[in-house]
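# Structural features, examined
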Amino acid sequence: MPSTNYQFDPTKTRDGYGGIDIVVNFYTPQVIAEKRVPTDENFRDQVRMADDHRRGLTPEQYIEKMDRAGIERSLLIAARCGDRRMSTSTEIPYSYVYEACQKYPHRYSGVAGINPLLGIAGLKELDHAVKNLGFVAAHLYPHWFGQAPDAAIYYPYYARCAELGIPIMMQVGHCLVYRDDNRLATVAKPMLLDRIAIDFPELTIIGIHLGYPWTDEMISVATKHKNVYMAGDAYAPKHWGQSAVHFANTFGQDKFMFGTDWWVIDPERAVKEVDDLNFREHSKRKIMRDNALRVFKLPEA
């Protein structure tokens, strides 16, 4: 049984250290009851989501799952999915994630979702999230706003992230059909990060969801730019593909980070499958922990 204060014990892990999951959706029973989740049951069936997960987990229940997986810290995303004036759009308030991070600061850190349609008001909210709530990064879903990552509407947010000294993560792979009543076009490919990295050399950019099906393209951009990284989330590690595994294990070991995109991938499954990939020990520690500590400026346990 986990301890009542939910401290992490690295001695109970296979490797002697805890992993860091950089992409975790904050789907609690409250969030689901308030219909703040942007996917429907068809999507959940498509990704073969377990029935008990569909009801959401409390922060405490999720920590217990993290403990079983050997994950020390999860970055919780207060996601913003589309124009909030539209009935098919959703958002998770920063305050929800902040509350969980305040209660369990040694297990959770917050990530601020961006809605570029909010303009200056959105920039002020981002300032508040970082300066007052302690959030460690920003998050962007370009497809929910129908514009590619290098569109002008995002540039003020990139500049603000650079000023604040926080990284921004964004999906740069294809998007599935998240709900039947609002099918979104795929607008982001990894190569579009090339221009952003050139225009904002001070900005740390993380391409999440592997960049699939353009994984090799994501690798090429991360290799070209010292301020571009990639994450192996939203796809089970056994499906990362040979090129991604080779990159993470060798010349890209400093540029690749572990993530699940919970509740798409269960962390217990993900960690086991990473073990099965037989990474070099020094590479595995970097992708599972050390790179995230450095990029997100997280506290060492």
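Here we summarise the structure given alongside this text. Just so you know, these numbers come straight off a predicted model, no measurement behind them.

Cut-offs and rules
Residues numbered from 1 in each chain as written. Predicted model: local features only at pLDDT ≥ 70, side-chain atom pairs only at ≥ 80, totals over all residues. Heavy atoms only, no water. Buried < 20%, exposed > 50% of the residue type's maximum accessible area, 1.4 Å probe, protein only. Helix = DSSP H or I, 4+ residues; strand = E, 2+ residues; numbered from the N terminus. Pairing = 2+ DSSP bridges. Right-handed = clockwise from strand over helix to strand, strands pointing away. Polar contact = N/O pair within 3.5 Å; in protein donor to acceptor, adjacent residues only side chain to side chain. Contact = heavy atoms within 4.5 Å. Phe/Tyr/Trp six-rings, centres within 6.5 Å; stacked < 30°, edge-to-face > 60°. Lys NZ or Arg CZ within 6 Å of the ring centre and 35° of its normal.

## A word on the pairing of strand 7 (residues 168–171)
Burial along strand 7 is two-sided: Ile168 and Met170 facing one way and Met169 and Gln171 facing the other are all buried. With 3 bridges connecting them, strand 6 (residues 137–140) and strand 7 associate as parallel partners. Bridge pairing links alanine 138 to isoleucine 168 in strand 7. Crossover connection from strand 6 via helix 7 (residues 155–164) to parallel strand 7: handedness right-handed. Pairing analysis gives 4 bridges linking strand 7 to strand 8 (residues 205–208), with the strands arranged parallel. Among the inter-strand pairings, methionine 169 is bridged to a residue of strand 8, identified as isoleucine 206.

## Section: the side chain of aspartate 194
Tracing the chain through its elements places aspartate 194 in helix 8 (residues 193–199). A distance of 2.6 Å separates polar atoms of two side chains, one belonging to aspartate 194 and the other to histidine 225. Apart from the residues within four sequence positions on either side, aspartate 194 is in contact with Val221, Lys224 and His225.

## Concerning unusual backbone geometry
Residue proline 213 is bonded to the preceding tyrosine 212 through a cis peptide linkage, with omega at 5°. Within the fold, proline 213 resides in the loop between strand 8 and helix 9 (215–224). With an omega of 20°, the peptide bond running from tryptophan 262 to tryptophan 263 counts as cis. Mapping tryptophan 263 onto the fold places it in the loop between strand 10 (256–257) and helix 11 (267–276). Located in the positive-phi region is leucine 210, a residue other than glycine, with phi close to 65°. Mapping leucine 210 onto the fold places it in the loop between strand 8 and helix 9. For alanine 234, which is not glycine, the phi torsion reads 75° and is therefore positive.

## Quick look at the packing of aromatic side chains
For the structure shown, the criterion picks out 14 aromatic pairs. Centroid distance tyrosine 6 to tyrosine 104: 5.5 Å. Interplanar angle 80°. Geometry classified as edge-to-face. Separated by 98 residues along the polypeptide, tyrosine 6 in the segment before strand 1 (19–25) and tyrosine 104 in the loop between helix 5 (94–103) and strand 5 (108–113) bring together distant segments of the chain. One exposure class covers both tyrosine 6 and tyrosine 104, and it is buried. Ring geometry for tyrosine 212 and tyrosine 235: centres 5.0 Å apart, planes at 50°, overall tilted. With a gap of 23 residues between them, tyrosine 212 in the loop between strand 8 and helix 9 and tyrosine 235 in the loop between strand 9 (228–231) and helix 10 (242–249) connect regions that are remote in the sequence. One aromatic cluster in this structure is built from Tyr154, Tyr155, Tyr158 and Phe200. The ring of tyrosine 229 carries lysine 255 above its face, with NZ or CZ at 5.2 Å from the centroid. The positively charged end of arginine 285 is found above the aromatic ring belonging to tyrosine 17, 4.7 Å away from the centroid.

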